[in-house]
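Take a look at the letters that make up each chain.
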Amino acid sequence: MSTEGQLKLEWAREHMPVCNLISERFRSEKPFKGLRISMALHVEAKTGILALILKEGGADVSLASCNPLSSDDSVVSALRNNHGIDVHAKKGIDEDTYYKYLNTVLDRKPHLVIDDGGDLVKMLHTNRTDASVNVLGGNEETTTGIVRLRAMEKDGILKFPMFDVNDAMMKHLFDNRYGTGQSTLDGFMHATNLLIAGKKIVVAGYGYCGRGIAMRMRGMGGIVTVTEIDPVKAVEAVMDGYTVARMNDAIRDADIVVTATGMKDVVSYDDMLVARNGIVLCNSGHFNNEISVSELNKRAIWKGEVRSEVRRYKLDNGNTVNVISDGRLVNLASGQGHPVEIMDMSFAIQALSAEYMAKHHAEMQPRVHQIPAVIDDSVARIKLESLKLKLDSLSESQVDYMNSWGEGT
Ligand SMILES: NC(=O)c1ccc[n+]([C@@H]2O[C@H](COP(=O)([O-])OP(=O)(O)OC[C@H]3O[C@@H](n4cnc5c(N)ncnc54)[C@H](O)[C@@H]3O)[C@@H](O)[C@H]2O)c1
């Protein structure tokens, strides 16, 4: 019996009312009976609950981590030893082991795949086409994975339908914004034990994640500047009360930079050369290439750990730069990931989309599909129910009014 991880699973489950309600139905209907589901997700307690509810729905589940630093070993052990889940993850694995684990879950020749970032699906289309023979379809969790899937669809090589879970309203409106907002601060504070109030903070990217991070950094008293490449998002940041600047200008005066763009080299080595001595850099975007850590590793004249999750680099101009968790997702590598209630909604979307895919894959083209509105709607209704909040509804005459074009003055 693995106690620590089991307690984390129980705590998560207690705070996931939407997933719990779905799992009650799954237990009686068994929508995944006879299906193998291979998943690559951040292996921590909330993901554990998703694995368990799919299993309760009849699936044979295999789980690998989608990031070398985001696994919680106590949860891995509880899932494996207490619940018989086939799980392959360990915090701090190297790249070879990371791909070995992805290969292992693909060896199961899954019927459904649930991916976060697109590595699993990419492998099914390149070096592991042998493992794709049974695949009916799958789900992708995050913005970066969707970008990759759309590129595959454009090149005409996508072999099976994939659901764009990220673009479900009940996912990105809350997960990317409030989830990343809160958990990025949690990861930053845990890694550094530094104050945010009064600090000059640059947030790169004003998409859903960037908006959440900027909002929470400001809430803690940070003075926030946003960098963007999209003029509309930049205007939105201005209207929300932030300064907008280019990275190479903003970084000169910054204490902290957080990237959340899904783009590589957003903080380049040249940017670091003009940064303040002692700046702290971290990333909340999916991959560890938003901060040019590989360039930093090549060009810095000295590096060393200054805290367990912070590496300091000395540049050839004499200044130092501190990078949290090697530029990997700070909220997962140094924090506990999104709050439980957020992942309750994101994973409810995952579970219902997987069920829809299991039932309707034959009618779906091999491309990226939007989540049916009925799934968003049902997750929102269950969430409101769990909060004991009630909605108004339109009267008949209001429906007539909405459908008429003549009434009014
Ligand atoms: N940390 C987490 O837990 C978590 C959660 C959800 C998504 N993500 C990841 O975070 C990243 C962003 O996701 P999102 O949903 O906010 O995406 P988004 O598309 O809503 O926003 C990204 C923004 O970055 C801007 N951008 C792109 N290149 C830039 C550059 N060079 N400089 C400044 N801005 C730039 C874009 O114009 C866009 O506004 C993705 O990699 C996504 O997979 C992480």
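Keep in mind it's a predicted model, so treat the numbers as computed, not measured. (Residues numbered from 1 in each chain as written. Predicted model: local features only at pLDDT ≥ 70, side-chain atom pairs only at ≥ 80, totals over all residues.)

Peer 1: Is there a simple way to explain the domain arrangement of the chain in this structure?
Peer 2: One frequent convention defines the size of an interface as the accessible area lost when the parts assemble. Its domain assignment divides the chain into domain 1 (3–171 + 338–386) and domain 2 (179–333). Put simply, the middle of domain 1 and the middle of domain 2, counted by C-alpha atoms, are 29 Å apart. Taken together, the contact between domain 1 and domain 2 spans 12 residues of the former and 11 residues of the latter. Broken down by element, the side of domain 1 that touches domain 2 gets its largest block of residues, 3 residues, from helix 7 (residues 143–154). Here the residues of the side of domain 1 that touches domain 2 are counted per class, giving 4 nonpolar, 8 polar and no charged. (Domains from an automatic or database assignment. Contact = placed C-beta atoms within 7 Å. Helix = DSSP H or I, 4+ residues; strand = E, 2+ residues; numbered from the N terminus. Nonpolar A, V, L, I, M, F, W, Y, C, P; charged D, E, K, R; others polar.)

Peer 1: How should I be thinking about the sheet that holds strand 14 (residues 320–324) in this particular structure?
Peer 2: Adjacent strands of a sheet pair through backbone hydrogen bonds, lying either parallel or antiparallel. In spatial order, the strands read 9-8-7-10-11-14-13-12; together these 8 strands make up an open sheet with mixed pairing. Of all strands in the sheet, those with a lone pairing partner are strand 9 (243–244) and strand 12 (302–307), marking the two edges. Bridge analysis of strand 8 (residues 223–227) against strand 9 gives 2 bridges, and the strand direction is parallel. Within strand 9, the residue paired with Thr 225 across the bridge is Thr 243. (Pairing = 2+ DSSP bridges.)

Peer 1: Just to check I follow, could you spell out the environment of Met 16 for this structure?
Peer 2: Tracing the backbone through its elements, the reader meets Met 16 in the loop between helix 1 (3–14) and helix 2 (17–29). Met 16 has contacts with Ile 49, Val 340 and Asp 344, leaving out every residue within four places of it along the chain.

Peer 1: Is there a simple way to explain the environment of Leu 394 in this structure?
Peer 2: Relative to the helices and strands, Leu 394 is located in the loop between helix 16 (373–386) and helix 17 (396–403). Through-space distance from the C-alpha of Leu 394 to that of Leu 35 is 41 Å; in sequence the pair is 359 residues apart.

Peer 1: What's the story with the site of the ligand in this structure? I'm lost.
Peer 2: Close to the ligand lie 29 residues, the nearest being Gly 205, Gly 207, Cys 209, Gly 262 and Met 263. Among the secondary structure elements, those contributing two or more residues to the shell around the ligand are helix 7, helix 8 (169–192) and helix 9 (208–219). Of the residues forming the shell around the ligand, the biggest block, 4 residues, is contributed by helix 8. When the residues that make up the shell around the ligand are grouped by side-chain class, the tally is 9 nonpolar, 16 polar and 4 charged. Each of domain 1 (3–171 + 338–386) and domain 2 (179–333) contributes no fewer than three residues to the shell around the ligand. (Near = placed C-beta within 6 Å.)

Peer 1: Is there a simple way to explain the sheet that holds strand 2 (residues 60–65) in this structure?
Peer 2: With parallel pairing, the 7 strands of this open sheet are ordered in space as 3-2-1-4-5-6-15. Since the sheet does not close on itself, it has two edges, and those belong to strand 3 (86–88) and strand 15 (368–370), each with one partner. Within the sheet, the average angular offset between the axes of one strand and its neighbour, ignoring direction, is 20°. Pairing of strand 5 (residues 137–140) with strand 6 (residues 162–164), which is carried by 3 bridges, proceeds in the parallel orientation. Among the inter-strand pairings, Glu 140 is bridged to a residue of strand 6, identified as Asp 164. (Axes fitted to C-alpha atoms, helices over the stretch in contact; angles between N-to-C directions.)

Peer 1: Even after reading the chapter, I still don't get unusual backbone geometry, so can you show me in this structure?
Peer 2: With the exception of glycine, most residues fall at negative phi, and the peptide bonds are largely trans. One non-glycine residue, Asp 265, lies in the positive phi region at around 50°. Tracing the chain through its elements places Asp 265 in the loop between strand 10 (256–259) and helix 12 (269–273). C-beta crowding within 10 Å serves as the criterion here: with 16 such atoms nearby, Asp 265 is assigned to the partly exposed category. For Lys 388, which is not glycine, the phi torsion reads 60° and is therefore positive. Among the secondary structure elements, Lys 388 is positioned in the loop between helix 16 and helix 17. What makes Lys 388 exposed here is the crowd of 6 C-beta atoms within 10 Å. (Buried ≥ 20, exposed ≤ 12 C-beta atoms within 10 Å, placed from the backbone.)

Peer 1: Where do I start with the pairing of strand 1 (residues 36–41) in this structure?
Peer 2: Two faces belong to every sheet, and in a regular strand the side chains alternate between them. The buried fraction of strand 1 amounts to 5 of the 6 residues, a majority that puts the element mostly inside the structure. Sheet topology note: the strand 1/strand 2 ladder contains 6 bridges and is parallel. Across the sheet, residue Arg 36 finds its bridge partner in strand 2, namely Asp 60. In this fold, strand 1 hands off to helix 3 (residues 45–56), which returns the chain to strand 2; that crossover is right-handed. (Right-handed = clockwise from strand over helix to strand, strands pointing away.)

Peer 1: What's the story with the nonpolar core in this structure? I'm lost.
Peer 2: A general feature of soluble globular proteins is that nonpolar side chains tend to end up buried together. One finds Ile 37, Leu 54, Leu 63, Ala 348, Ile 349 and Ala 351 to be the most contacted residues of the largest nonpolar core, which totals 72 residues. At 12 residues, the largest contribution of residues to this core is made by helix 15 (residues 340–360). Not counting the four nearest positions on each side in its chain, Ala 348 is found in contact with Val 18, Cys 19, Ile 22 and Val 379. In this structure, Cys 209, Val 280, Leu 332 and Ala 333 belong to the second largest nonpolar core, which totals 47 residues. (Core = buried A, V, L, I, M, F, W, Y, C linked by C-beta atoms within 7 Å.)

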